[in-house]
Amino acid sequence: MTATEHFERIHRIISVLDEENLKIINTMKKYGPRNLQQISRKSGVPYPTVYTRVNRLTDQGLLHTYAYPNFSKIGLARALVLLTPAPGREVLAREALKIPGYWLSIIRSSGECNGFYSLHGVPADSRQDFEQYLDQLIPSGLATSYRIFWLGEFNDVSSFDYFDLKKLVWKFPWATWLKLFLDEKKREKAEEQDSHKDSFDKNDLLILKELMLDARKKLSEFARLIGVTLPAAKYRFDNIVRKGLIKDYIINVLPYAPEISDLMEVRLDFKSETLLAAKEKMLHGLPFVISYSKIRGANSITTRIYLPRSELNNLLTLLSALVRHDILDRFSYMALDHMTIENQTFSYEFYKDESGWFYDNRQYLESLRKLVSSFEKEDFRMPSFQTGEVAPMLAI
C-alpha cells in the first residue's frame, strides 16, 4: 500500500461518519437494522436516502449488521480462553482450539497472553468436559498454559456520542471521564443470572445462525432454508424475537481506520462487587469501548477496546488512576491482531431436536492425538504468511 492509498483509506473511514449516516446508524442501534421504513421514520432521513446509504455502506464493507444470540436461552455457555502455545506449536495450538467445534472467534494475541484469545459457546451441561479437554493441551505438548473465564451476558455499547460532526474528529476528554468514574454514585449490586433456557428447535437455530451472519437477511430466504411458506417463516421469526433468543443487534461500523488503531481486550478487576455495580454503566457511551461482559465468579469485566493508537497511553493513564483511587484492584490488557481474526457462528450443526447438544470428549481427544501426530507433515512444518491487506471489520 502506497502512502497515498494509506491516507485515502483513513479519509474514507472518517468520511462515512456524516450527519445522515450517523442518524441512520444510531437509529439502527436503537430499533434494529431490519426495517428500513421504520429507520427512515425514526431518524427523519427520507427512505430512498436510507435505502441507498445502507446498501452502499454494506457493499463497500463499511457496515455490517448481525444478531448476537442469547446463548443461555439456547443452552450454551460462553467461555473466554487465553492459550499460550508451546514454541513452534502455534499453528497446531490454534487448530486444537477448534477441535470441539464450539469455537466462535480465535485471534492472535500479545501482552497478558502471548498466544491466542478465543471465545467459545459450549453446551452448558458440558462446561467441565470442555475444561478437561483444554487440560490435555498441555501434556500433549501444544501449550504451556491456559486460562478460562466463563462469561455473563454480552453488552454492545459502541457509541458515536463523542464524534464532532463539524470538525469530523473524535473527542477524547480523558480528564472528564476520570472525574465521572470517581463521582459515579453508589449503585445497588445487580445480580446477573442466566436467562432460563427457552424452548427452541433446529429450525430456530438455523434462522438464528443466518441472522448471526446477516441481520438483514430476508424472510423469503428463511422460508427457503427451512422449507416453509413465507407466512410460516415470519411467524417463526417473530417467535424467535418474542422468546428473546436474540440478545442484541450489532451495528458494526469502523469508527477509526485500522491502520492507525489498536484492537485490544482489557480486563478490569474491581475492588468489590459494589464498585463493579457502581462503575459498570460508565462503560456505556465511551467511544473506544465496543462491548463488554462480566466474568462469572469474579468482580471483573472483560472489555473489547478499539482505540486510535495515539490515545493508548491516555487509556493506560486512566486505568492506572482508577487503581490508585481504589476503584480497580488491577487491570490487564492484550493486543489482538485483527489480521488474524477467525469467526464462525455457534455450532448449530451439533444440535438435534431429539437429543439436544452433542459433546463427546473421547472423540475430541482422539482428534487431538491425531493432530499432534501430524506435526511432522509438511503442511504444518512450512510456515504461511499473511498478506498486507487490512481486514475491514472487527470481531465483537
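Residues numbered from 1 in each chain as written. Predicted model: local features only at pLDDT ≥ 70, side-chain atom pairs only at ≥ 80, totals over all residues. Heavy atoms only, no water.

*Asks:* Explanation requested: the overall build of the chain in the structure shown.
*Replies:* When helices and strands are counted, the chain shows 14 helices and 15 strands. Burial status across the chain gives 50% buried among its 396 residues. Split by element, the accessible area of the chain, about 19,100 Å² in all, is 50% carbon and sulfur. (Helix = DSSP H or I, 4+ residues; strand = E, 2+ residues; numbered from the N terminus. Buried < 20%, exposed > 50% of the residue type's maximum accessible area, 1.4 Å probe, protein only. Areas by Shrake-Rupley, 256 points an atom, 1.4 Å probe, with all protein chains shown as cover.)

*Asks:* Honestly, the nonpolar core in this entry has me stumped. Any pointers?
*Replies:* Proteins that are soluble and globular tend to have nonpolar side chains buried together. Residues Phe 130, Leu 134, Phe 288 and Phe 346 are the most contacted members of the largest nonpolar core, which totals 117 residues. Setting aside its immediate chain neighbours within four residues, Leu 134 contacts Val 81, Leu 97, Tyr 146 and Ile 148. (Core = buried A, V, L, I, M, F, W, Y, C linked by side-chain atoms within 4.5 Å. Contact = heavy atoms within 4.5 Å.)

*Asks:* Explain unusual backbone geometry here, please?
*Replies:* Peptide bonds are, in most cases, trans, and in most cases residues other than glycine have a negative phi. The phi dihedral of Leu 168 is positive, around 55°, even though this residue is not glycine. Within the element layout of this structure, Leu 168 appears in the loop between β6 (163–164) and β7 (169–170). Since its relative accessible area comes to 39%, Leu 168 is described here as partly exposed. The phi dihedral of Asp 326 falls on the positive side, at around 60°, and the residue is not glycine. Within the element layout of this structure, Asp 326 appears in the loop between α12 (312–324) and β12 (328–336).

*Asks:* I'm lost on the confidence of the model for the chain in this one. Help?
*Replies:* Do not read the predicted coordinates in detail wherever pLDDT is low. When pLDDT is averaged across the chain, the result is 89; 88% of the residues are at 70 or more. Looking across the chain, the model is least confident in helix α14 (residues 378–381), with a mean pLDDT of 56, and most confident in strand β2 (residues 76–85), with 98. (pLDDT = per-residue confidence, 0-100.)

*Asks:* Would you mind going over the pairing of strand β4 (residues 115–123) with me for this structure?
*Replies:* Side-chain positions along a regular strand alternate between the two faces of the sheet. Counted residue by residue, β4 has nine buried out of nine residues, so it is predominantly covered. The pairing of β2 with β4 spans eight bridges and is antiparallel. The residue bridging Val 81 from the neighbouring strand is Ser 118, located in β4. In this sheet, β4 lies alongside strand β3 (residues 103–111) in antiparallel orientation, the contact comprising six bridges. If you follow Ile 106 over to β4, its bridge partner there is Ser 118. As consecutive antiparallel partners, β3 and β4 are separated by three residues. (Pairing = 2+ DSSP bridges.)

*Asks:* Is there a simple way to think about helix α10 (residues 230–242) in this case?
*Replies:* One turn of an α-helix holds 3.6 residues; hence residues three or four places apart share an orientation. Compared with an ideal rise of 1.5 Å per residue, which puts 13 residues at 18 Å, α10 spans 18 Å between its outermost C-alpha atoms and is within 8% of the ideal. Within α10, the full set of buried residues consists of Ala 233, Phe 237, Asn 239 and Ile 240. Buried positions in α10, seen along its axis, are confined to an arc of 160° and lie on one side of it. Of the exposed residues in α10, those oriented more than 90 degrees away from the buried face are Pro 231, Tyr 235 and Arg 242. (Expected span 1.5 Å × (residues − 1). Arc of directions from axis to C-beta.)

*Asks:* Where do I start with the packing of helix α3 (residues 36–43) against helix α4 (residues 47–59) in this structure?
*Replies:* The angle between the axes and the distance between the axes are what describe a pair of packed helices. Axis separation between α3 and α4 bottoms out at 9 Å; the angle between their running directions is 120°. By the angle class used here, α3 and α4 are oblique. Where α3 crosses over α4, the handedness of that crossing is right-handed. On α4, the residues touching Leu 36, Gln 37, Ile 39, Ser 40 and Ser 43 of α3 are Tyr 47, Val 50, Tyr 51 and Val 54. In the contact of α3 with α4, the residues fall into six nonpolar, three polar and no charged. (Axes fitted to C-alpha atoms, helices over the stretch in contact; angles between N-to-C directions. Parallel < 35°, antiparallel > 145°, perpendicular 65-115°, else oblique. Left-handed = near helix turned anticlockwise from the far one by under 90°. Nonpolar A, V, L, I, M, F, W, Y, C, P; charged D, E, K, R; others polar.)

*Asks:* Just to check I follow, could you spell out the packing of aromatic side chains for this structure?
*Replies:* Two aromatic rings, taken as a pair, are described by how far apart their centres are and by the angle between their planes. Applying the stated rule across the entire model yields 22 aromatic pairs. Aromatic pair Phe 130 and Trp 150: ring centres 6.4 Å apart, planes at 70°, arrangement edge-to-face. Residue Phe 130 is found in helix α6 (residues 127–135), and its partner Trp 150 is found in strand β5 (residues 143–156); the two are separated by 20 residues along the sequence. As far as burial versus exposure is concerned, Phe 130 and Trp 150 are alike and both buried. Through pairs of rings, three or more aromatic residues link up here, namely Phe 160, Tyr 162, Phe 163, Trp 170, Phe 172, Trp 174, Trp 177, Tyr 256, Phe 288 and Tyr 306. In this arrangement the basic side chain of Arg 34 is found over the ring face of Phe 237, its NZ or CZ atom lying 4.5 Å from the centre. One residue, Arg 108, lies across the ring of Phe 116, its end atom 4.9 Å from the ring centre. (Phe/Tyr/Trp six-rings, centres within 6.5 Å; stacked < 30°, edge-to-face > 60°. Lys NZ or Arg CZ within 6 Å of the ring centre and 35° of its normal.)

*Asks:* Explain the packing of helix α2 (residues 19–31) against α3 here, please?
*Replies:* Following both chains from N to C, one finds α2 and α3 inclined at 115°, their axes separated by 9 Å at the closest point. What the angle tells us is that α2 and α3 run roughly perpendicular. Of the two elements, α2 crosses α3, and the hand of that crossing is right-handed. Facing Lys 23, Ile 24, Thr 27, Met 28 and Tyr 31 of α2, the residues of α3 in contact are Leu 36, Gln 38, Ile 39, Lys 42 and Ser 43. Among the residues making up the contact of α2 with α3, the classes are represented as five nonpolar, three polar and two charged.

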